[in-house]
Amino acid sequence: GDSTWYDDAIQQVIHFNKYLYDPGIKLYKHAWFSQSGETSPVFWCRANGWIAWAIAEALLWLPKDYPGYDKVMDVFKVHMESLAGYQDKAGLWHQVLDHPETYLETSGSAMYVLAIARGVNHGWLDMKFAEIASRGWQGIAKRITSDGVVSGICRGTPIGYSVEFYNNRETFDND
């Protein structure tokens, strides 16, 4: 109930948008460099996943009548709408979202499914998103073995400067 934390959460979302968001493609870059004021050049799957998850988490806790809630909700909806357009027919999303030649990545896809399903379950998103979440879950489930091993997860990734850098990142089970 401490409004300091609500204000901080709202400011974090506003800063994601200010520094990482590309209004043309409606996705987030992997990083922003404070010294140059520039962003990294790539729309990395997992970076967008962390943002999707964080905003969905903030929406759970922010009071609906709190100043800034509507801005956070708008940011969430625009991001989910954009992500929906990048979902592969396999149900997952690519390592570099706007480059379908890159591999399908499990962990970022899982974060999108969480955010989208939460959005549907809480009435933040239209029911058309339920199918997107379901397709996503089906794609993820195919990457989980009967003994619980999850495959197709990009290894920890520093900031890269090319699509090739991200596409060449190894994947490790359960990473």
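Preceding this paragraph is the structure being described.
This section reports on the structure supplied with the text. Computed from a predicted model, the values in this text were never measured in an experiment. (Residues numbered from 1 in each chain as written. Predicted model: local features only at pLDDT ≥ 70, side-chain atom pairs only at ≥ 80, totals over all residues. Heavy atoms only, no water.)

On the secondary structure map, arginine 118 appears in helix 4 (residues 106–121). For arginine 118, a relative accessible area of 18% corresponds to the buried category. Dropping the residues within four chain positions of it, arginine 118 is found in contact with Trp53, Ala56, Glu57, Leu60 and Trp124. (Helix = DSSP H or I, 4+ residues; strand = E, 2+ residues; numbered from the N terminus. Buried < 20%, exposed > 50% of the residue type's maximum accessible area, 1.4 Å probe, protein only. Contact = heavy atoms within 4.5 Å.)

On to the pattern of salt bridges. Side chains that carry opposite charge are capable of pairing whenever their charged atoms lie near each other. Taken as a whole and judged by the stated rule, the model has 5 salt bridges. The salt bridge involving arginine 135 is made with glutamate 131; its shortest N-O contact spans 3.7 Å. Of the two residues, arginine 135 and glutamate 131 are both situated in helix 5 (residues 128–141); the distance of 4 residues between them amounts to about one turn of the helix. A relative accessible area of 30% means that arginine 135 is categorised as partly exposed. A salt bridge links arginine 155 to glutamate 170, with the shortest nitrogen-to-oxygen separation between them at 3.3 Å. Placement of the pair is arginine 155 in the loop between strand 7 (153–154) and helix 6 (163–167) and glutamate 170 in the loop between helix 6 and strand 8 (171–172), with a sequence separation of 15 residues. Note on arginine 155: relative accessible area 31%, which makes it partly exposed. (Salt bridge = Lys/Arg side-chain N within 4 Å of Asp/Glu carboxyl O.)

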